[in-house]
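Analysis of the macromolecular model
This is what each chain is made of:
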There are 2 protein chains.
Amino acid sequence: MSAEVRVGLLGLGTVGTGVVSIISRHQEELRHQVGCPVTVTKVLVRDKQKHRPVDFDGAFITDDINDVLTDPEIDIIIEVMGGVESTREHLLTALKNGKHVVTANKDLMALYGSELLKVAAENGCDLYYEASVAGGIPIIRSLCDGLAADRITKMMGIVNGTTNYILTKMIQEGSSYEDVLKQAQELGFAESDPTADVEGLDAARKMAILATLGFSMPVGLDDVSVRGISSVTKSDLEYCDQLGYTMKLIGLAKRDDGRVEVSVEPTLLPKTHPLAAVHNEYNAVYVYGEAVGETMFYGPGAGSLPTATAVVSDLVTVMKNMRLGVSGRTVQGPLHERVLKQDNEIESKYFLRLRVLDQAGTFQAVTSLFASHEVSFEKLLQLPIEGEEVAEVIVITHHTSKQNYEALYKKLSELDVIESIESCYRVEGGH
Amino acid sequence: MSAEVRVGLLGLGTVGTGVVSIISRHQEELRHQVGCPVTVTKVLVRDKQKHRPVDFDGAFITDDINDVLTDPEIDIIIEVMGGVESTREHLLTALKNGKHVVTANKDLMALYGSELLKVAAENGCDLYYEASVAGGIPIIRSLCDGLAADRITKMMGIVNGTTNYILTKMIQEGSSYEDVLKQAQELGFAESDPTADVEGLDAARKMAILATLGFSMPVGLDDVSVRGISSVTKSDLEYCDQLGYTMKLIGLAKRDDGRVEVSVEPTLLPKTHPLAAVHNEYNAVYVYGEAVGETMFYGPGAGSLPTATAVVSDLVTVMKNMRLGVSGRTVQGPLHERVLKQDNEIESKYFLRLRVLDQAGTFQAVTSLFASHEVSFEKLLQLPIEGEEVAEVIVITHHTSKQNYEALYKKLSELDVIESIESCYRVEGGH
């Protein structure tokens, strides 16, 4: 290992700026840990003329990626520019040129993680991506090392800050989804096009990464069943509250007898569940292991410095591996083939809110339909709606299979005495 | 590395039994991670005749520690028997014989950690001790690797399950310390001699270990200021509750300008603080880093399988290091010299409960004493006590130095109009 480690930085947005700042401010600590100085020697930017708020210590600023990828003096590439297809090409080039890679790119890792890790190993290079899931929370390390001895059977993650912020405010302020989204956009907690966040896609990418690691099984983005929060209403949240639950956008990854399910959807959790206390833009991942039982990892899911902390921690690991001469040899691929559960193997409780005709026989018709699908009630609430000839029926079911539940749902939607199914959600975290 | 890794296990109590069980049940996963089988070949027990509930797969059971320490075929020693002085001797022998060590022994690591780590490195051996702090929570790894790039400025830990159980029950059931302790002993959550737990010593050992790692500075047990929970009363907890606080036994480690303080004491936390939701026997460590901000690691602090998970995760790390040929080279010693804060540099808020004479001039005498020590009030509550000629005054101060606070405390205790200082606690976690 040379007397100095040279880093090429791809991207100088929020996270990139944080990376430069941490490397420069924590130089003494970094040097102590890895035994030599580390310097960012080249930075790829989109616009070379733009004013930069950070000091580069003489780094070369370029808008040509090949200046970075082909520089023989650069040991490590940090990729924080985003993008998928072209970024994949660039990182493959970097790895084939013998450069280690640290990335914060969840979209890329969810889609091409296996390929990139394979090419890294073939070229004796490291590829680390802690920052791709839950920003400043060292969850990938905890799954790979800290809980290495255990068999993880369940992970539940609040892994998208925007949606957690929106749901928290809707509950605390009794506001509508639309109003809170607008407020979140003004405050910078939501993008101007919030689709990837609010429709659950961002969380799904992260859950694919976590499931792959936690279950040692290649889980792809297409394996994740996804539903966002845009249809959650104030009334839903009020009923949840009355019944002792809160609502979170939960990424769930569960394994039973070697078969897995992965989903992202708005989910009811008991107010006493550790994840129920994770508010605003914070993230947390709850991990259940056969031996360890319940653990939870909590922290900021995004932001310049938190995410940059994860990136630079990976950088430290890469540099330690270089010093020890073990680059590209520290990570194992998945142990198991991918086996997904069928709908008859996915078990859950469900919350249903129905608008029914307020007349004799309705209740009997509804309950007998539940019974014929072998779905039983844990909680049941019927409320008349003032001034109308309809009532609301709120149900929380006992555990049932997704297959039974979906068959029931179809029949309910066809039943004459039911005016509409107002909403339905999965319920987790109980006994 | 040979075709099989051989482990000698010292101690077959709660944790030792869990270790044997995890190694045997998770053999396939372990083999995938380290590339070869791992076997417990020798087990040290106190009484060879005792019936064992675990299956040993033909391991040799002995009551002579030299059978294990001198066996040339054993690669790794797992120490889960406890003890300090003689255990130190044994592990030094093991390390000098070239054996890697994994230990769950916080007493040993708090007192002799630096020495043992030094001897391990000198002999090219690994020494890992994740299980010594907060059982199943991978907090040591998170401090050493996950937050490696950050500068940690504050850690607050609920690192003793017994005291957290007792305080939780006192609050939930409105019971006295004595009643809950008795109940905890009956349920096995407290030892028959609970002194080390309830007087804060156990937590102090863990905080010395965490401070050493988090601040990269050798902090010893003697550097930790310690106070237990045995004087906490029902009334204290009721007043806390009224004022919006909960009470936890908090291990606090704080760094300002390179100077540190470490303490363990019953502490008021706002009910909205992430640590306030950590109930019963659970542990959690809240870590504040300059870059990452707030993070928290939550999980079981004790128990057979949770603690054994941490032990076996360390075992996996040791075996990976053996395979990569980097044993004894992965850990750095502290970067900084130890610099402790003086009392005038330790800043905190305080809760004080005073019993004062209910007569004209009392309030003025008390408040002017506070003012003359430059201690101002954040909250103040005066309550008459029915049928007596005394009143209670409850104060929460603004931030002040420990030096000012202790000078004030002394004067208060000498003041004629104050009958007694009923209780006083540190207040943390606010703004």
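As the structure is a computational prediction, the values presented were derived from the model and not from experiment.

Details of the overall build of chain A
- Regarding its fold elements, chain A presents 14 helices and 17 strands.
- Here the C-alpha atoms of chain A give a radius of gyration of 24 Å, agreeing with the 22 Å that 2.2 N^0.38 yields for 431 residues.
- Across its three principal axes, chain A shows a C-alpha extent of roughly 85 × 45 × 35 Å.
- The 431 residues of chain A split such that 58% are buried.
- In the structure as shown, chain A presents an accessible area of about 17000 Å², 47% of it carried by carbon and sulfur atoms.
- Side-chain charges in chain A split into 40 positive and 61 negative, and the spacing between the mean points of these groups amounts to 4 Å.

A closer look at the packing of helix H13 (residues 362–372) of chain B against helix H14 (residues 402–414) of chain B
All names here are of chain B.
- Remark: H13 packs on H14, axes separated minimally by 10 Å, with the N-to-C direction vectors making an angle of 155 degrees. Taken together, the axes of H13 and H14 are roughly antiparallel relative to one another. H13 and H14 meet at a crossing whose hand is right-handed. Taking contact as the criterion, the partners of Val366, Leu369 and Phe370 in H13 are, on H14, Leu408, Lys411 and Leu412.
- Taken together, the residues of the contact of H13 with H14 sort by class into five nonpolar, no polar and one charged.

A few points about the relation of the copies chain A and chain B
- Superposing chain A onto chain B requires a rotation of 180 degrees together with a translation of 0.0 Å along the rotation axis, leaving an RMSD of 0.0 Å. Taken together, the rotation and translation describe the operation of a two-fold axis. Rotation axis and chain A: the residue whose C-alpha lies nearest the axis is Phe297(A), separated from it by 2.4 Å.
- Looking at the interface residues of chain A, 100% of them are also at the interface in chain B, so both copies use one shared face.

Some remarks on the UniProt feature "binding site: NADPH" (unreviewed entry) in chain A
- In the numbering used here, UniProt assigns the feature "binding site: NADPH" (unreviewed entry) to Lys106(A).
- Structurally, the position occupied by Lys106(A) is in helix H5 (residues 106–122).

With respect to the state of the cysteines
Residues and elements named next belong to chain A.
- Summed over all chains, the structure comprises zero disulfides over all chains.
- Free of any disulfide, Cys240 has its nearest cysteine sulfur in Cys424, 12 Å distant.
- By relative accessible area, which is 1% here, Cys240 ends up buried.

What to know about helix H8 (residues 177–187) of chain A
All names here are of chain A.
- Inspection of H8 places Tyr177, Val180, Leu181 and Ala184 among the buried residues, and these make up the whole buried set. What you see down the axis of H8 is that its buried residues fit within an arc of 105 degrees, all on one side. In H8, those exposed residues whose orientation departs by more than 90 degrees from the buried face are Glu178, Asp179, Lys182 and Glu186.
- On its buried side, H8 packs onto helix H7 (161–173) and helix H9 (195–198).
- Backbone geometry just after H8 places Gly188 at a positive phi near 85 degrees.

Rules of the game
- Residues numbered from 1 in each chain as written.
- Chains lettered and ligands numbered in written order.
- Predicted model: local features only at pLDDT ≥ 70, side-chain atom pairs only at ≥ 80, totals over all residues.
- Heavy atoms only, no water.
- Helix = DSSP H or I, 4+ residues; strand = E, 2+ residues; numbered from the N terminus.
- Rg over C-alpha atoms; globule rule 2.2 N^0.38 Å.
- Buried < 20%, exposed > 50% of the residue type's maximum accessible area, 1.4 Å probe, protein only.
- Areas by Shrake-Rupley, 256 points an atom, 1.4 Å probe, with all protein chains shown as cover.
- Lys, Arg positive; Asp, Glu negative; His and termini not counted.
- Charge placed at Lys NZ, Arg CZ, Asp CG, Glu CD.
- Axes fitted to C-alpha atoms, helices over the stretch in contact; angles between N-to-C directions.
- Parallel < 35°, antiparallel > 145°, perpendicular 65-115°, else oblique.
- Left-handed = near helix turned anticlockwise from the far one by under 90°.
- Contact = heavy atoms within 4.5 Å.
- Nonpolar A, V, L, I, M, F, W, Y, C, P; charged D, E, K, R; others polar.
- Least-squares fit on C-alpha atoms with pLDDT ≥ 70 in both.
- UniProt positions renumbered as here; feature names shortened; annotations may be inferred.
- Disulfide = S-S within 2.5 Å.
- Arc of directions from axis to C-beta.

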